[in-house]
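Now for the letters of each chain:
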Amino acid sequence: MHGAALIDGVLAEALRISRQRDNVRVLRLEVELSSSGHVTGDEVRSRLAALSRGTSADGAEVRIRTTERRFRCFSCGEIFTSSDDGLSAECPKGHGVAVCIDEPRDCVLAAVEIANPASGAD
């Protein structure tokens with residue numbers, strides 16, 4: 001259920017933004033997923049579609065962006081990305097072990113596009 005809670009948080013944040021703008025309709029949600037996370041794009045889309053019914057985000061387009069972790073090699077300092085799900089990876093130059101230098105969160109709201117209330121667009 002960890003993934004469900006993360007997705008619920010994405011919708012809650014989008015609806016909060018909508019409320020701050022007088023419940024303007026949410027047109028698009030951009031969700032960032034970790035390539036090594038446990039939440040899939042299909043899960044995000046289906047849960048958001050179900051939970052957003054009857055809200056200002058009902059029918060919003062959902063775009064998924066996947067990010068990879070960055071690693072730095074202990075030996076040569078090379079920084080590279082990898083979808084490895086551990087905290088270390090092999091240096092692509094063959095110099096040995098590299099450590100993860102950032103940990104993308106499994107599922108976050110990266111961007112929200114809302115209707116322009118001045119234009120009357122729905």
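Bear in mind the structure is a predicted one, so any value in this text is a computation, not a measurement. (Residues numbered from 1 in each chain as written. Predicted model: local features only at pLDDT ≥ 70, side-chain atom pairs only at ≥ 80, totals over all residues. Heavy atoms only, no water.)

Considering the pattern of salt bridges
Phase 1: Counting across every chain of the model gives eight salt bridges.
Phase 2: Across the salt bridge formed by Arg65 and Glu32, the nearest N and O atoms sit 2.7 Å from each other. Linking Arg65 in strand β2 (residues 61-67) with Glu32 in strand β1 (residues 26-34), this pair joins segments that are 33 residues apart in sequence.
Phase 3: Close ionic contact of Glu78 with Lys93 constitutes a salt bridge, the shortest N to O distance being 3.0 Å. Here Lys93 lies in the loop between β5 (88-90) and β6 (97-100) and Glu78 lies in the loop between β3 (69-73) and β4 (79-82), a separation of 15 residues in the sequence.
Phase 4: By relative accessible area, Glu78 is classed as partly exposed at 24%.
Phase 5: Salt bridges sharing partners connect three or more residues here, namely Arg28, Glu30, Glu32, Arg65 and Glu113. (Salt bridge = Lys/Arg side-chain N within 4 Å of Asp/Glu carboxyl O. Helix = DSSP H or I, 4+ residues; strand = E, 2+ residues; numbered from the N terminus. Buried < 20%, exposed > 50% of the residue type's maximum accessible area, 1.4 Å probe, protein only.)

Quick word on helix α2 (residues 41-51)
Phase 1: Restricting attention to buried positions, one finds in α2 the residues Gly41, Val44 and Leu48. For α2, the angular spread of buried residues about the axis comes to 60 degrees, placing them on one side. (Arc of directions from axis to C-beta.)

Some points on helix α1 (residues 2-20)
Phase 1: Compared with the 27 Å implied by 1.5 Å per residue over 19 residues, the 27 Å span of α1 between its first and last C-alpha is a close match.
Phase 2: Considered for burial, the residues of α1 that qualify are Ala4, Ile7, Val10, Leu11, Ala14, Leu15, Ile17 and Ser18. Taken down its axis, α1 places every buried residue within 155 degrees of arc, on the same side. Among the exposed residues of α1, those pointing more than 90 degrees away from its buried face are His2 and Gln20.
Phase 3: If you follow the buried residues of α1, they end up packed against β1, α2 and β7 (107-114).
Phase 4: Asp22 sits one or two residues past α1 and shows a positive phi near 60 degrees. (Expected span 1.5 Å × (residues − 1). Contact = heavy atoms within 4.5 Å.)

Digging into the packing of aromatic side chains
Phase 1: Evaluated as defined, the whole model comprises one aromatic pair.
Phase 2: Residues Phe71 and Phe80 carry aromatic rings whose centres are separated by 5.8 Å and whose planes lie at 20 degrees to one another, so their mutual orientation is stacked. Phe80 shares its class with Phe71; the two are buried. (Phe/Tyr/Trp six-rings, centres within 6.5 Å; stacked < 30°, edge-to-face > 60°.)

Topic: the nonpolar core
Phase 1: Ile7, Val31, Leu33, Val39, Val44, Leu48 and Cys107 are the most contacted members of the largest nonpolar core, which has 16 residues in total.
Phase 2: At the level of secondary structure, the elements contributing two or more residues to this core comprise α1, β1 and α2.
Phase 3: If one sorts the elements of this core by residue count, α1 sits on top with five residues.
Phase 4: Setting aside chain neighbours within four positions, we find Val39 in contact with Gly3, Leu6, Ile7, Leu33, Val44 and Cys107. (Core = buried A, V, L, I, M, F, W, Y, C linked by side-chain atoms within 4.5 Å.)

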